[in-house]
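Here's the letter readout for the chains.
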Amino acid sequence: MASVRYVTGPIGSGKTSRMAQWFQEAPPGTAGGIHARKSWCDGRPVGYDLVLLPEGAVRPLADLSVGEEGVARRDASGKSQEALQERHDAPVEGRDDFLFGPFRFHAEAFRVAADHLDALAADPEIGTILLDEVGPMELAGGGHAAILRRLLRTDKQLVLCVRTECLEAVKTRFSACP
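Quick summary incoming for the structure in this document. (Residues numbered from 1 in each chain as written. Predicted model: local features only at pLDDT ≥ 70, side-chain atom pairs only at ≥ 80, totals over all residues. Heavy atoms only, no water.)

### Some words on the pattern of salt bridges
Link 1 in the chain: Tallying each qualifying case throughout the model produces 6 salt bridges.
Link 2 in the chain: For Asp 118, the salt bridge identified is with Arg 150, shortest N-O distance 3.0 Å. With Asp 118 in helix 2 (residues 107-122) and Arg 150 in helix 4 (residues 145-152), this residue pair connects regions lying 32 residues apart in the sequence.
Link 3 in the chain: Of the residues examined, Asp 118 reaches a relative accessible area of 29% and is grouped as partly exposed.
Link 4 in the chain: With relative accessibility at 32%, the residue Arg 150 sits in the partly exposed group.
Link 5 in the chain: The partner of Glu 133 in a salt bridge is Arg 163, and the shortest N-O contact between them spans 3.0 Å. Taken together, the positions of Glu 133 in strand 9 (residues 128-134) and Arg 163 in strand 10 (residues 157-163) put the pair 30 residues apart, joining distant regions of the chain. (Salt bridge = Lys/Arg side-chain N within 4 Å of Asp/Glu carboxyl O. Helix = DSSP H or I, 4+ residues; strand = E, 2+ residues; numbered from the N terminus. Buried < 20%, exposed > 50% of the residue type's maximum accessible area, 1.4 Å probe, protein only.)

### Considerations on the environment of Ser 39
Link 1 in the chain: Summarising the element assignment, Ser 39 is placed in strand 2 (residues 31-41).
Link 2 in the chain: Under the relative-accessibility criterion, Ser 39 is labelled buried at 8%.
Link 3 in the chain: Once the C-alpha coordinates of Ser 39 and Pro 60 are considered, the two residues, 21 residues apart in sequence, prove to be 8.6 Å apart.

### Quick word on helix 4
Link 1 in the chain: Those residues of helix 4 that fall on the buried side of the exposure criterion are Ala 145, Ile 147, Leu 148, Leu 151 and Leu 152. For helix 4, the arc enclosing every buried residue in end-on projection is 160°, short of the 170-degree limit, so these residues lie on one face. (Arc of directions from axis to C-beta.)

### Some remarks on the packing of aromatic side chains
Link 1 in the chain: In this structure the tally under the stated criterion is 5 aromatic pairs.
Link 2 in the chain: Summarising the aromatic geometry, the rings of Phe 98 and Phe 105 are spaced 5.6 Å apart at their centres and angled 20° between planes, so their arrangement reads as stacked.
Link 3 in the chain: Judged by relative accessible area, which is 29%, Phe 98 ranks as partly exposed.
Link 4 in the chain: Overall, the relative accessible area of 11% leaves Phe 105 in the buried class.
Link 5 in the chain: Between Phe 98 and Phe 110 the ring centres are 5.9 Å apart and the planes differ by 40°, which places this aromatic pair in the tilted class. Placement of Phe 98 in strand 7 (residues 97-100) and of Phe 110 in helix 2 is noted, with a sequence separation of 12 residues between them.
Link 6 in the chain: Accessibility expressed as a relative area gives 11% for Phe 110, which makes it buried.
Link 7 in the chain: A connected cluster of aromatic rings, assembled from ring pairs, spans Tyr 48, Phe 98, Phe 103, Phe 105 and Phe 110. (Phe/Tyr/Trp six-rings, centres within 6.5 Å; stacked < 30°, edge-to-face > 60°.)

### Notes on the sheet that holds strand 10
Link 1 in the chain: Pairing in this open sheet of 8 strands is mixed, and the strands run 1-10-9-2-3-4-8-7 from one edge to the other. Whereas interior strands pair on both sides, the edge strands pair on one side only; in this sheet they are strand 1 (3-9) and strand 7. Each neighbouring strand pair of the sheet contributes to a mean axis angle of 25°, computed without reference to strand direction.
Link 2 in the chain: Two elements, strand 7 and strand 8 (residues 103-106), share 4 bridges in a ladder whose sense is antiparallel. Considered in strand 8, the bridge of Asp 97 is made with His 106.
Link 3 in the chain: Its contacts with the sheet place helix 4 against strand 1, strand 9 and strand 10, and it is angled at close to 145° to strand 10. (Pairing = 2+ DSSP bridges. Axes fitted to C-alpha atoms, helices over the stretch in contact; angles between N-to-C directions. Contact = heavy atoms within 4.5 Å.)

Purely geometric numbers; function is a separate question.
Now the structure itself:
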């Protein structure tokens, strides 16, 4: 069973930055994972990008819904588009996006993340896998929940980003030990 370490704190406290720093300090070729980097447009947050480590490949993960004013969206290349004048729960044609909280998530990003994490788990050179973030979506059974269960059955060290208020529920739900 995997050993688990947690990077915790409230929303906006720098968990992702601390995890990225930890990754940079790890010996080359021994760690990999994913992190959710905040995406900005015109000085304001518009969502999150999925960053694959160690490669650094980036793809859109989630766009911030802005309710009645529209939805901050990006096209498949990740370029931001102006907010659309539609309800935040309107479907996006051609994509299997879904809503969770204030965000419209791109399901394909979760599939890419799972494939990447599975490959890292199979790599004998990788000893540590980083996963940002495990939170309410995973507690509800979505997001990275399935890959996290698989990773917990490996012999890897896992470093999980978890909001302080979700930590005990994550430990209980996924039977992870400190």
